Amino acid sequence: MKAVLMLLALVAGGAAKDLAPTPPMGWMNWEIFRCHVDCAAHNTTCVNEYLFKVHTDALVSGGYLAAGYDTIHIDDCWMERTPPRDAAGKLSWDKTRFPSGMPALGDYMHAKGVKFG
């Protein structure tokens, strides 16, 4: 109840004017592609660099970027599985499925005006 009252006080005090006009809009791979990582058997539906480049291009060429859909989200299954972490303990990308690396994939998306999330 206390949280509801605080929210009402914020809205009444003008905080609502600071809200974004739309929710974050973009594309995420999980709902369709889940964790398909067998690229040898399913190269066009595998979670890999190619998939995200194709969808980045489609977001732009299909007019979705102009309509406000400005982000490509990589949900899961992008990381190396064996070993799952590098020497510093950080997750690292699968070098077979993302041969150019995540920084290069981000650069590709950013060059097209798309955010990488």
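Residues numbered from 1 in each chain as written. Predicted model: local features only at pLDDT ≥ 70, side-chain atom pairs only at ≥ 80, totals over all residues. Heavy atoms only, no water.

Colleague: Please clarify how the nonpolar core should be interpreted in this entry.
Modeller: Most often, soluble globular proteins have nonpolar side chains that are buried together. Grouped together as the largest cluster of nonpolar side chains are 13 residues, with contacts concentrated most on Trp27, Phe52, Ile72, Phe98, Leu105 and Met109. Secondary-structure elements contributing two or more residues to this core are α3 (49-61) and α4 (102-111). Once you skip the residues sitting within four places of it in the chain, tryptophan 27 turns out to touch Phe33, Leu51, Phe52, His55, Thr71, Ile72 and His73. (Core = buried A, V, L, I, M, F, W, Y, C linked by side-chain atoms within 4.5 Å. Buried < 20%, exposed > 50% of the residue type's maximum accessible area, 1.4 Å probe, protein only. Helix = DSSP H or I, 4+ residues; strand = E, 2+ residues; numbered from the N terminus. Contact = heavy atoms within 4.5 Å.)

Colleague: Please explain the state of the cysteines as it appears in this structure.
Modeller: Disulfide: a covalent bond formed between the sulfur atoms of two cysteine residues. The final tally for this structure, using the stated rule, is two disulfides. Residue pairing for cysteine 35: its cysteine sulfur links by disulfide to cysteine 77, the two sulfurs lying 1.7 Å apart. Disulfide cysteine 35-cysteine 77: the torsion about the S-S bond is -115°, which places it as left-handed. Within this pair, whereas cysteine 35 is found in the loop between α2 (30-33) and α3, its partner cysteine 77 is found in the loop between β2 (71-73) and α4, the two being separated by 42 residues in sequence. With a relative accessible area of 30%, cysteine 35 lands in the partly exposed category. In this model, cysteine 39 is linked to cysteine 46 through a disulfide, with the two sulfur atoms separated by 1.9 Å. (Disulfide = S-S within 2.5 Å.)

Colleague: Would you mind showing me how to read the packing of aromatic side chains here?
Modeller: What characterises a pair of aromatic rings is the spacing of the ring centres plus the angle enclosed by the ring planes. Inspection of the entire model under this criterion finds four aromatic pairs. Feature note: the residues Trp27, Phe33, Phe52 and Phe98 constitute an aromatic cluster, connected by ring pairs. Looking at lysine 53, its charged tip hangs above the ring of tyrosine 108, at a distance of 5.0 Å from the centre. Over the ring of tryptophan 93 we find lysine 95, and its NZ or CZ is 5.3 Å from the ring centre. (Phe/Tyr/Trp six-rings, centres within 6.5 Å; stacked < 30°, edge-to-face > 60°. Lys NZ or Arg CZ within 6 Å of the ring centre and 35° of its normal.)

Colleague: How should unusual backbone geometry be read in this particular structure?
Modeller: When glycine is set aside, most residues are seen to have a negative phi, and most peptide bonds are trans. A cis amide bond links threonine 82 with the next residue in sequence, proline 83, at an omega value of -10°. Locating proline 83 in the fold gives a position in the loop between β2 and α4. For arginine 34, which is not glycine, the phi torsion reads 45° and is therefore positive. A positive phi angle is found at cysteine 77, which is not glycine, with a value near 70°.

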